[in-house]
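# Per-entry structural report
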Amino acid sequence: MILIVDDIPENIFSLKKVLELNNFSVDTASSGEEALKKILKNSYFLIILDVQMPGMDGFEVAETISGYSKTKDIPIIFLSAVNTDKKFITKGYEYGGLDYVTKPFDADILLLKVKTFYRLYKQKIELKFTQESLREEIEVRKAAENKKDEFISIASHELKTPLTSIKGYVQLLDRSLTKYKDPVLSNYITRTNLQIHKLQSLVNDLLDISKIDSGQIEFNIMPFEFSAMVKNAIETIQQTHDCKISFSKTMDAIVFADEQRIEQVIINFLTNAVKYSPDSKDVEVSITGGSDQTILLTVKDYGIGIPEEMQANVFNKFYRVEESSTKFQGLGIGLYISDEIIRRHKGFCGLRSEPGKGSEFFFSLPINGHQ
Ligand code: ADP
């Protein structure tokens, strides 16, 4: 609805007729005071406001309505026979007036302006509607997201207990069977242990995810020799995977960090390097100095590589490169956890990769990260 405010009834009459002929619904007020009452009570998409009125003039009405949140965005067209001086026009705009028409006005021009405001008003409504539906959609997804986090947390805790029992019983079984010295039985035990190990690292990753999401991941910062820890990680992988890992270093340092967590990152990089290189057994690990205060660890493989446009996503939670996700098992959380661990130590992770040639995953870590 449009509100016309003018103290001269004939002016209102002619303008009202023109607008109504063009299918606009129109309300009227014959003074500033009456206009204010109506503006606060009803909702208008446009106010056509005479500047010169006895009592409260048009500028005062505009100033007042610009102070209320409900009305401050209603566009105003000021109508005036006088006050055409530039400074009055400027004043009109200061009070939130969006247009200025001098009397006697051309009805066609005024109508065009009204139509433009109506179009803007409709667009604004549509935009508001879209915004609201988007906000609702975000809320729904956030519910769903919380439920998923909750499920992961419960499921991983529930899986942990029976898994620990299975591990214990297999160890007992292993001890009881050693006296038979049967290679077939011992092969079964080795295979069972390998699968238990895989299951345990999956459960641990899921537990880590819920710790990260709930802000409960804690670090035990202690000094340790960086290269000794890296060698340890390499040995662990070599015992369980068919691969050839070479190691080089141009620097070493006593690093202040959570040794187990940093080793977890290197083991993740190494596991991926082997997993995503079905046609190559070679992996190269190197330690170099990033700068005086940082140490840089790189794991290079000659595997399938990652297309450039997907590289930025690999550290995101549950992200897996589409081409490889069907061929290789995984949950897409190892790199997310690694990145979180390194970032919490004030370092950063990165990668260089070329499809078909291989990948280099690296992290840079402050030597004195606890300071
Ligand atoms: P997962 O290996 O369990 O899927 P990660 O978080 O460790 O989860 O890795 C995320 C994704 O990044 C993997 O699914 C894979 O597509 C890609 N990726 C990680 N490391 C490599 C690598 N060395 N070579 C090729 N692709 C890799």
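Residues numbered from 1 in each chain as written. Predicted model: local features only at pLDDT ≥ 70, side-chain atom pairs only at ≥ 80, totals over all residues. Heavy atoms only, no water.

Before going further, it helps to examine the packing of helix α5 (residues 107-177) against helix α6 (residues 183-213). Between α5 and α6, the shortest axis-to-axis distance is 9 Å and the interhelical angle comes to 155°. In terms of axis orientation, α5 runs roughly antiparallel to α6. Handedness of the crossing formed by α5 with α6: left-handed. A breakdown of the residues in the contact of α5 with α6 according to their chemical character gives 15 nonpolar, 7 polar and 5 charged. (Axes fitted to C-alpha atoms, helices over the stretch in contact; angles between N-to-C directions. Helix = DSSP H or I, 4+ residues; strand = E, 2+ residues; numbered from the N terminus. Parallel < 35°, antiparallel > 145°, perpendicular 65-115°, else oblique. Left-handed = near helix turned anticlockwise from the far one by under 90°. Nonpolar A, V, L, I, M, F, W, Y, C, P; charged D, E, K, R; others polar.)

For the rest of this paragraph, the subject is the environment of Lys147. Structurally, the position occupied by Lys147 is in helix α5. Note: C-alpha distance between Lys147 and Leu110 (37 residues apart in sequence) is 56 Å.

Judged by pairing direction, the sheet is parallel, and its 5 strands sit side by side in the order β2-β1-β3-β4-β5 without closing on themselves. The sheet is open, and its two borders are formed by β2 (26-29) and β5 (99-102), each paired with just one other strand. The sheet shows a mean angle of 20° between the axes of neighbouring strands, direction not considered. Running at roughly 140° to β2, helix α2 (residues 32-41) makes contact with β1 (2-5), β2 and β3 (46-50) of the sheet. (Pairing = 2+ DSSP bridges. Contact = heavy atoms within 4.5 Å.)

Here Ser359 shows up in strand β12 (residues 358-366). Looking at Ser359, the relative accessible area reads 6%, which means it is buried. Among the polar contacts listed, one links the side chain of Ser359 to the side chain of Ser353, at a separation of 2.9 Å. In contact with Ser359, other than residues within four places in its own chain, are Val299, Lys300, Asp301, Gly305, Ile306, Arg352 and Ser353. (Buried < 20%, exposed > 50% of the residue type's maximum accessible area, 1.4 Å probe, protein only. Polar contact = N/O pair within 3.5 Å; in protein donor to acceptor, adjacent residues only side chain to side chain.)

In this section: the pattern of salt bridges. Counting across every chain of the model gives 18 salt bridges. A salt bridge links Lys249 to Asp252, with the shortest nitrogen-to-oxygen separation between them at 3.8 Å. What makes Asp252 partly exposed here is its relative accessible area of 27%. The partner of Glu360 in a salt bridge is Arg352, and the shortest N-O contact between them spans 3.4 Å. Here the salt bridges do not stand alone but share partners, grouping Asp27, Glu34 and Lys38 into one network. (Salt bridge = Lys/Arg side-chain N within 4 Å of Asp/Glu carboxyl O.)

Attention shifts here to the nonpolar core. Within the largest apolar cluster, 47 residues are counted, with the highest numbers of intra-cluster contacts made by Phe226, Ile262 and Phe363. Per-element tally for this core: the top contributor is helix α8 (residues 259-275), with 7 residues. Two domains share this core, each providing at least three of its residues, namely domain 2 (132-214) and domain 3 (222-366). Leave out the neighbours within four places in its chain, and Ile262 touches Phe224, Phe226, Met229, Ala257, Ile341, Ile342, His345, Phe363 and Leu365. (Core = buried A, V, L, I, M, F, W, Y, C linked by side-chain atoms within 4.5 Å. Domains from an automatic or database assignment.)

This brings us to the pairing of strand β11 (residues 348-354). As paired elements, β11 and β12 share 7 bridges and run antiparallel to each other. Note on β12: the bridge partner recorded for Glu354 is Gly358.

We now examine the site of the ligand. Taken together, 20 residues form the shell around the ligand, and within it Asn272, Tyr276, Asp301, Arg320 and Leu335 come nearest. At 2.5 Å, a side-chain N or O of Arg320 approaches an oxygen atom of the ligand. A distance of 3.1 Å separates an oxygen atom of the ligand from a polar atom in the backbone of Leu331. In isolation the ligand has 530 Å² of accessible area, and contact with the protein removes 97% of it. (Near = heavy atom within 4 Å. Areas by Shrake-Rupley, 256 points an atom, 1.4 Å probe, with all protein chains shown as cover.)

For the rest of this paragraph, the subject is the packing of aromatic side chains. A full pass over the atoms with the stated rule returns 12 aromatic pairs. Their ring planes at 25° and their centres at 6.5 Å tell us that Phe224 and Phe226 sit as a pair that is stacked. In this pair, the class of Phe224 matches that of Phe226, namely buried. Here the aromatic residues Phe224, Phe226, Phe269, Phe315, Phe361 and Phe363 are joined through ring pairs into a cluster of three or more. (Phe/Tyr/Trp six-rings, centres within 6.5 Å; stacked < 30°, edge-to-face > 60°.)

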